[in-house]
Structures are given as structure tokens and as C-alpha cells.
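# Examination of the molecular architecture
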Amino acid sequence: MAHALRGPVLAALLIVSFEIPAHAQSYQVWPEVSTFVKLNDKMRFYFLATTVKEERESTEGEFGPNFDFYLKPLRNKHRALSMFGLDESKSRLVMVRIGYRYIHPYTGDSPDEHRGVLEVTPRHNLPGGVLVSDRNRMDFRSIEGEYSWRYRNRLTVEREFSIGHFKPSPYIRGEVYYDSRYDKWSRNALIGGSTFPITRHFELEGYLEHQNDSGGSSNRTVNAVGVVANLYF
């Protein structure tokens, strides 16, 4: 299983963005609502509503349905995969996601985008209750009738802690992007955050992300604060 975790790694309904053109930087806030509905023991429905800033001159809303498929739960000796209670996918050896995303600009004049998403995420538990996830994602993009694709590899290391009845799960992530439009690794991101279970069906997540984008004619740096409401049914 450890071999499945190798890879080239180190990686929201309105964005508030303050641009500083001289330094090619922006500071943003990314709110997001993610809703998960369990269909059976091997499948769930996931709907995403968030914001992105895929292009340099616009802010876009991203919406879309997804279906997640699991392998059987991993029997493990380190117990890590029996934790992380609200997100059932973290107790599974592999998750496969098939989805569709519609991206519509709120600002600027960028065109709409239709995007197919395919993800495969193997997980591995380490001693001490540490969980490692290696998400491999393909984006199949259609922008004004022009097709392109993008590969994204994201490594996550996380651990659940107990503080009384409160069980936050801090994590660190690294992600890299290969974009066929530029024929190169065009973006990388470092993320640190945590999830905070509030009720049996509601989890709040917060994170900080530092992103470098070398696609296009000039480099760009994004520093973002993300706030996510995760709903589980």
C-alpha cells in the first residue's frame, strides 16, 4: 500500500480578493459548503458549492454533483482508520470519485467552464493514529469549446486528537498541478488546517493555503483563508 502513496507531491460561495499587481499577489477568503449523503455502505452522493479563482482576472463560483465509491474498510493494527468519525471515506482503503463541476465567473469576463472530475484516493495508516492520503485527480475541462486536462496530486497527513469530547483533526497538505494548456507543472500549494466536529452531522473546517501559479505569462502568488461547512447525512 505504501507504494501507492508515492507521487509528485508538496498541495467557498464568494471570494474576497485584494490584488497587489506589483507583487503579483492576492489575499483571499474562500467559503465552501460540502454536503455528503450516504446511499449505502459502498457509495455516497457529494454536492459542492464553493468559490475558486482559476483565472487571473475573475472570481468564479464552482458547483457540482459527485458520487464517491469505496472499497471495504481496511483492517488495520494502528487504529488510525477507525477514527475521523464524520467522514466515512477516511476509514476506507481506497475512494473513487466521479463528478461534474460548473464554474461561472462572478467578476471579470472569463467564460463559463464545464469540468469532469475523476479522483482516486488511497489511504494508509501509520503508527500513532496518523492517516496519510494520496489524492490523484484528473480535471477534464471545456472552456468555450476548447478541451484541456489537468492532473492534480495532493498528499495529506492528519491525526485526530481528543480534548474531552472535542475531537479536532489537524492536517497538512501539499499539492501540485500539471496543466496541458501550458505543458508543465504550473501550480503548487501548501495547506495547513483542521476539521472541528460540531454535531453528528456538521463539521467545521478551517485552513490556510499558500499557492504559487506559474501558468500564463507571469507568476502569481495566492494566500487564502478557507472556511468549509461539511454536512453529513
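Residues numbered from 1 in each chain as written. Predicted model: local features only at pLDDT ≥ 70, side-chain atom pairs only at ≥ 80, totals over all residues. Heavy atoms only, no water.

## Some remarks on the overall build of the chain
- Looking only at helices and strands, the chain has 0 helices and 12 strands in total.
- Going from N to C terminus, the chain has its helices and strands arranged as β-β-β-β-β-β-β-β-β-β-β-β.
- Every one of the 233 residues in the chain was classed for burial, and the buried ones make up 46%.
- As displayed, the chain offers around 11,700 Å² of accessible surface, 63% of which is attributable to carbon and sulfur atoms. (Helix = DSSP H or I, 4+ residues; strand = E, 2+ residues; numbered from the N terminus. Buried < 20%, exposed > 50% of the residue type's maximum accessible area, 1.4 Å probe, protein only. Areas by Shrake-Rupley, 256 points an atom, 1.4 Å probe, with all protein chains shown as cover.)

## Some thoughts on unusual backbone geometry
- Even without being a glycine, E144 presents a positive backbone phi close to 55 degrees.
- You can see E144 is positioned in the loop between β7 (130-143) and β8 (146-159).
- Positive phi, close to 55 degrees, is recorded for D183, a residue that is not glycine.
- When you line up the elements, D183 lands in the loop between β9 (169-179) and β10 (184-197).
- On the basis of relative accessibility, which here comes to 60%, the residue D183 falls in the exposed class.

## Thoughts on the pairing of β7
- Counting buried positions along β7 gives 10 out of 14 residues, so the element sits mostly inside the fold.
- Across 12 bridges, strand β6 (residues 113-126) lies against β7 in antiparallel orientation. Note that in β7 the partner of L126 across the bridge is V130.
- Linking β6 back to β7 in an antiparallel pair, the connection comprises 3 residues, with G128 at a positive phi of about 85 degrees.
- In this structure, the hairpin formed by β7 and β8 is closed by a connection of 2 residues, where E144 is found at a positive phi of approximately 55 degrees. (Pairing = 2+ DSSP bridges.)

## Observations concerning the pattern of salt bridges
- Applying the stated criterion to the full structure yields 22 salt bridges.
- Between E119 and R97 there is a salt bridge whose closest N-O contact spans 3.7 Å. Taken together, the residues E119 in strand β6 and R97 in strand β5 (residues 94-105) connect sequence positions 22 residues apart. Exposure class is identical for E119 and R97. Each is buried.
- For R137, the salt bridge goes to D139, with nearest N and O atoms at 2.7 Å. There is no split in this pair, since R137 and D139 are both buried.
- One salt-bridge network, held together by shared partners, links R44, D68, D87, R97, E119, R135, R137, D139, R150, R152 and E175. (Salt bridge = Lys/Arg side-chain N within 4 Å of Asp/Glu carboxyl O.)

## Here we look at the confidence of the model for the chain
- Per-residue pLDDT for the chain has a mean of 86; in total, 83% of the residues score no lower than 70.
- Here residues 1-5 is modelled with pLDDT under 50, and outside its nearest four sequence neighbours on either side it reaches 11 contacts, counting other chains as well.
- Contacts from residues 8-23, a stretch scored under 50 in pLDDT, to residues over four places away or in other chains number 65 contacts. (pLDDT = per-residue confidence, 0-100. Contact = heavy atoms within 4.5 Å.)

## Topic: the packing of aromatic side chains
- Inspection of every chain in the model, using the stated rule, returns 7 aromatic pairs.
- Relative to Y178, the ring of W149 lies with its centre 5.6 Å away and its plane at 25 degrees, an arrangement referred to as stacked. Linking W149 in strand β8 with Y178 in strand β9, this pair joins segments that are 29 residues apart in sequence.
- Among the residues examined, W149 registers a relative accessible area of 31% and is labelled partly exposed.
- Y178 sits in the buried class, given a relative accessible area of 17%.
- Ring geometry for Y151 versus W185: centroids 6.2 Å apart, planes at 70 degrees, classification edge-to-face. Taken as a pair, Y151 in strand β8 and W185 in strand β10 lie far apart in primary sequence, 34 residues in all.
- Given the relative accessible area of 43%, W185 is considered partly exposed.
- The rings of W149, Y151, Y178 and W185 are connected pair by pair, giving a single aromatic cluster.
- Between R159 and the ring centre of F161, over which it is positioned, the NZ or CZ distance is 4.7 Å.
- The residue whose ring lies beneath R173 is Y171, and the NZ or CZ to ring-centre distance is 4.1 Å. (Phe/Tyr/Trp six-rings, centres within 6.5 Å; stacked < 30°, edge-to-face > 60°. Lys NZ or Arg CZ within 6 Å of the ring centre and 35° of its normal.)

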